[in-house]
Amino acid sequence: MTEGDLLQRIAQTLKQDIGPAVDAEYPKTQAFMAGVVLHKLGQQLALAPQHQRDQAAELAALIVELNDMLQTIEVPAELRRTLAEFAQRRDQVTLCSLIEALYGTRAALDAVIFARLLGRIRETLRADINRRVVYAS
Amino acid sequence: MNKTTDDTAALEPRIHDYLKHRLPQANDLELRDVQRIAVGWSHETWLFDLHYSEEGRPKHLGLCLRRDPGNALLRHLSDLEQQFRVLKCLEQTPLPTPKPYWFEHDVAILDAPFLVMEKVPGACPSPWGREGRAFYAAAATRGQLPASFTATLATLHTLDWRAAGLDFLGVPAPGTDFVRREIAKWRELIALSTPKPEPILTDLICWLEDNMPATERVTLVHGAYRTGNLLIHGDRISAVLDWELQVLGDPMYDVAYVLSDLNREGTPLLSNLVERDAFFRTYEAATGFVIDEARCRYYNALYAMRSVAFWMSASGLYASGRSNDIRLARTAWSVPVVLERAARDLGY
């Protein structure tokens, strides 16, 4: 049994056996809610390996495409620096910094270029959030 | 962790002693029908009836006591003292609100600061439950409650907040100051919850900062005007409750909240109650304001940021051990749900 499956089992026990056996309203709600939390956590854990692989592939593709886009155009140094940092670390912190740098340098960018760069980043953000809502909603 | 006790029975004699002190002329004081309501994320609330005699005549006072548990969601943004002050100011206005009686800082009295206000007649059905939805659906067909909902919002937006003394809430400067302040407020709450980085949230905040509308007029704004935060009696709004998010600013901020599909469950009725066209017609006629739908869409995006701030703060309370309410832990999964919605609002 995986950790995810184990959490799902405990969640089921809390919702079907423990919660209904509790009389008082507050602890009953707590037991039920603990089941909900463990259920979500179980799903999240079970999907994590695949989600991590998908996310890594998408971040790699994003970096390649953003670098391609920036090769032929003049952009502020700050934007190039944050992209280089993101390309190196490939994490959410540097992706946030890249988004901030893009908005921060917007005035210096052609409107079409800004929209293309942001649109490409948003494509990656959409793919990520689609995966997360599978277990969150 | 929650510093106060949930034991209503243990609290009753202390409330009794406090009221005896507050009403020295009252004899034979008795608390009846003491009910703890909203075992919730915000302030603890008790409702009860106070019976006593004065100069031989029997008297009765319906009271509501709200106590700060020390870990309430948003407590650093709106404490009970501010709520008390707002209610005091609103007492002189045509807006239906509970009459505030006393506020106490002294933790020796009931272990935590608390306020005592009038128990206004009425009920507050939850719009999220089956019974509440059925209640609002039935009320919508009768017509009086939807009209009262809209008229009360119009009263809120047209009351003279300066004359009421509400300028202590902070008067925004002309232009984008109101929106700037709201963004800063929710940014601060997000930062306090030591969140993990969320690129969609970063995109959302940057977009909000890039597109700030100028405020055309400043009114009192409730901040969470919807069914569930309004007391209803005889198909009328008998009191506007939940004075925790109020601000002086753009009335469209409240209108956007009313228009939002966040506040209705599988019905086209705004706030589960009001037909959209009727709301526009009645609100615009009563206020003289024109509803600016583009601005409302902007505020809807701002509400997404606010929701993320709420849920990050709530789950952070549990994660940090300041609350042991598992419902707060659950809200960590509300963050991606709101972000998904925000991404759609931003067009992706």
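Residues numbered from 1 in each chain as written. Chains lettered and ligands numbered in written order. Predicted model: local features only at pLDDT ≥ 70, side-chain atom pairs only at ≥ 80, totals over all residues. Heavy atoms only, no water.

### What about unusual backbone geometry?
Right, so step 1: Positive phi, close to 50°, is recorded for Arg-90 of chain A, a residue that is not glycine.
Right, so step 2: If you trace the backbone, Arg-90 of chain A turns up in the loop between helix 3 (77-89) and helix 4 (92-104).
Right, so step 3: Taking the relative accessible area as the measure of exposure, Arg-90 of chain A reaches 42% and is therefore partly exposed.
Right, so step 4: Located in the positive-phi region is Ser-271 of chain B, a residue other than glycine, with phi close to 55°.
Right, so step 5: Among the structural elements, Ser-271 of chain B can be located in the loop between helix 9 (251-259) and helix 10 (276-287). (Helix = DSSP H or I, 4+ residues; strand = E, 2+ residues; numbered from the N terminus. Buried < 20%, exposed > 50% of the residue type's maximum accessible area, 1.4 Å probe, protein only.)

### Comments concerning the domain arrangement of chain B
Residues and elements named next belong to chain B.
Right, so step 1: Under the domain assignment used here, chain B contains domain 1 (3-118) and domain 2 (130-345).
Right, so step 2: Between the C-alpha centres of domain 1 and domain 2 there is a distance of 27 Å.
Right, so step 3: Of the residues lining the interface, 26 residues belong to domain 1; the matching set on domain 2 comes to 35 residues.
Right, so step 4: Note on domain 1 versus domain 2: buried area summed over both sides is about 2400 Å², and carbon and sulfur give 71% of it. (Domains from an automatic or database assignment. Contact = heavy atoms within 4.5 Å. Buried area = accessible area lost by both parts, 1.4 Å probe.)

### Examining the nonpolar core
All names here are of chain B.
Right, so step 1: Counting residues in hydrophobic clusters, the biggest one holds 108 residues, and the most contacted among them are Leu-166, Phe-279 and Met-305.
Right, so step 2: Looking at this core element by element, the count peaks at 12 residues for helix 11 (residues 293-319).
Right, so step 3: Summarising the domain contributions, this core has at least three residues from each of domain 1 (3-118) and domain 2 (130-345).
Right, so step 4: Contacts of Leu-166, omitting those with residues within four sequence positions, involve Val-86, Cys-89, Leu-90, Leu-159, Trp-161, Leu-220 and Leu-248. (Core = buried A, V, L, I, M, F, W, Y, C linked by side-chain atoms within 4.5 Å.)

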